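Chains, contacts and geometry: an overview
Each chain, letter by letter, is given below.
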Amino acid sequence: MAGANERSMKALKEVWKRADNSLCADCGKPDPDWASSTLGVFICLSCSGIHRNIPSISKVKSLKMDYWNDAQVQFLAKHGNAVTKAVYEAHIPIYYYQPTYSDCQVLREQWIRAKYERKEFTEPGKQLPYSDGVKEGILWKRGRDNGQFVPRKFLLSEREGCLKYFTKQDAKEPKINIKIDVINATFQPEKIGNPNGLQITYLKDNKTRNIFVYHESGKEVVDWFNAIRSVQFHYLKVAFPIASDNEIKNRLTRNFLKEGYMEKTGPKQREAFKKRWFTLDHRRLMYFKDPLDAFAKGEVFVGSGENGYSVQKGLPSGTQGNFSWHYGITIVTPDREYLFTCETETDQLEWIRAFTSVINQAMTPQEYASKCLDAVSFPS
């Protein structure tokens with residue numbers, strides 16, 4: 001018996017060591033140490049928890065702590081991540097967001113359920129709930145003034161190239177009509193205080209506006225998210241006919257590079273530093289008095305190093321404004337310097353890393369066109 005067990009464990013380790021099994025099949029996290037004995041995939045601990053919630057589809061076991069019999073090991077050897085992905089991920093739409101281990105729970109759960117439970121990607125041309133160019137339904141939207149979430153009707157239309165929302169179910173005119181090419185959407189469960197919280201941002205008069213929504217159903221809110229990406233993708237295909245699918249895919253919704261509190265001072269650099277919530281959305285650095293504010297109180301354009309932008313650790317000597325946090329950052333632009341302080345050295349280094357990643361990238365023609373934002377100063 002012991003010998004058979006040793007043979008099974010040795011065979012299991014051989015399968016486990018294969019290159020295609022070195023990353024979690026669902027989120028890409030390195031060194032997965034769990035596997036599904038019914039699907040044949042190697043997964044991480046976090047994704048194994050999601051698999052446990054669909055026991056009719058997937059039965060998971062630890063590769064280190066659980067016993068695997070010969071038949072189960074042979075099943076893993078026959079399948080593995082590459083073979084199983086070829087079946088369950090055969091026809092993923094180019095615009096569909098495939099989450100990683102750094103993404104929130106609802107995105108990862110719905111990705112796993114879409115693959116294995118609903119089998120959305122096994123057949124070519126399958127009609128999907130986010131692929132027909134129009135989506136209409138109710139989302140709970142946070143009120144700008146009172147902070148209460150109320151149900152609002154939303155309508156997404158590829159034909160009209162926009163997203164609308166209405167204050168009443170039977171309203172004929174929308175409260176807001178947002179062009180699809182200025183929309184970003186990113187999941188913000190912690191900020192919104194709901195596991196299905198989605199932040200929709202858009203540009204109006206070249207300034208950013210925020211809408212915070214959620215839906216009780218994780219599937220429904222992720223369908224909305226991918227429907228927005230679908231409509232954006234087809235809109236950009238028409239607007240940029242010579243661009244490749246991957247180039248267009250990279251212009252769809254994006255996560256913020258960094259968010260968090262910093263202190264800031266005004267343009268004269270003699271004012272007291274004030275604590276504000278900052279969001280870095282690629283080249284737009286915005287600050288808010290509260291993380292759930294609908295409007296940014298200020299924005300600054302962060303250009304490239306070759307155009308005179310840089311980030312420096314610390315504050316200029318002789319900085320006069322009073323500040324309570326002591327880990328400084330200086331953003332240098334062709335016109336002025338912006339001064340910030342962070343509460344911890346870790347925050348400081350993370351912000352510097354995020355700014356550096358942007359500054360090291362060459363600017364696109366579209367970014368040159370929006371460079372006028374660099375003239376926007378940070379009021380108090």
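Calculation notes
- Each chain has its residues counted from 1, running along the sequence as written.
- Note on the predicted model: pLDDT of at least 70 is required for a residue's local features to be given, and 80 or more for side-chain atom pairs to be given and counted; whole-chain, interface and lining totals, by contrast, use all residues.
- Note that water and hydrogens are dropped before the side-chain values are worked out from all heavy atoms of the structure.
- UniProt positions are given in the numbering used here, feature names are shortened, and annotations may be inferred rather than shown by experiment.
- With axes taken as lines fitted to C-alpha atoms, and helix axes fitted only over the stretch in contact, angles between N-to-C directions fall between 0 and 180 degrees.
- For helices the rule is a DSSP run of H or I covering at least 4 residues; for strands it is a run of E covering at least 2, with both sets numbered from the N terminus onward.
- For classification purposes, an angle smaller than 35 degrees is called roughly parallel, one larger than 145 roughly antiparallel, one from 65 to 115 roughly perpendicular, and anything else oblique.
- Contacts were defined at the residue level, with two residues in contact if any of their heavy atoms lie within 4.5 Å.
- Three categories are distinguished: nonpolar for Ala, Val, Leu, Ile, Met, Phe, Trp, Tyr, Cys and Pro, charged for Asp, Glu, Lys and Arg, and polar for the others, with Gly belonging to the last.
- What makes two strands pair is DSSP finding at least two bridges between them.

An unreviewed UniProt entry lists the chain under the name ADAP1 protein, with Phainopepla nitens given as the organism. Its UniProt record, at the heading Subcellular location (unreviewed entry), says of the chain: "Cytoplasm".

Our next topic: the packing of helix H5 (residues 105-117) against helix H7 (residues 218-239). Two quantities define a packed helix pair, namely the angle between the helix axes and the distance between the axes. Contact geometry of H5 with H7 gives a least axis separation of 10 Å together with a crossing angle of 90°. Judged by the inter-axis angle, H5 sits roughly perpendicular to H7. Contact residues: Val106, Leu107 and Gln110 in H5; Gly218, Lys219, Val221, Val222 and Phe225 in H7. In terms of residue class, the contact of H5 with H7 is built from 5 nonpolar, 2 polar and 1 charged.

A word on the sheet that holds strand S13 (residues 284-288). A sheet is described by the order of its strands in space; here 7 strands give the open sequence S14-S13-S12-S11-S17-S16-S15, paired in antiparallel fashion. Since the sheet does not close on itself, it has two edges, and those belong to strand S14 (298-301) and strand S15 (310-313), each with one partner. This sheet shows a mean twist of 35° between the axes of neighbouring strands, independent of strand direction. Relative to strand S17 (residues 337-342), strand S16 (residues 327-332) runs antiparallel, the two being bridged by 6 bridges. Residue Ile329 lies in a different strand from S17, and its bridge partner there is Phe340.

What follows deals with the pairing of strand S5 (residues 149-157). Looking at chain direction, strand S4 (residues 134-142) and S5 are connected through 9 bridges and run antiparallel. Bridge pairing in S5 links Lys141 to Val150. The turn linking S4 back onto S5 is made up of 6 residues, and Gly147 within it adopts a positive phi angle of 75°. As defined by bridge partners, S5 adjoins strand S6 (residues 162-166) across 5 bridges and the pair is classed as antiparallel. Its bridge partner being in S6, Leu156 is matched across the sheet by Leu163. The antiparallel hairpin formed by S5 and S6 contains 4 residues in its connecting segment, where Gly161 sits at a positive phi of about 65°.

Taken in spatial order, the 3 strands make up an open sheet running S2-S1-S3, and their pairing is antiparallel. Taken across any chain shown, the strands that pair with only one partner, and hence form the sheet edges, are strand S2 (42-43) and strand S3 (60-62). Pairing of strand S1 (residues 34-36) with S3 involves 3 bridges; the strand directions are antiparallel. Note that in S3 the partner of Ala35 across the bridge is Lys61.

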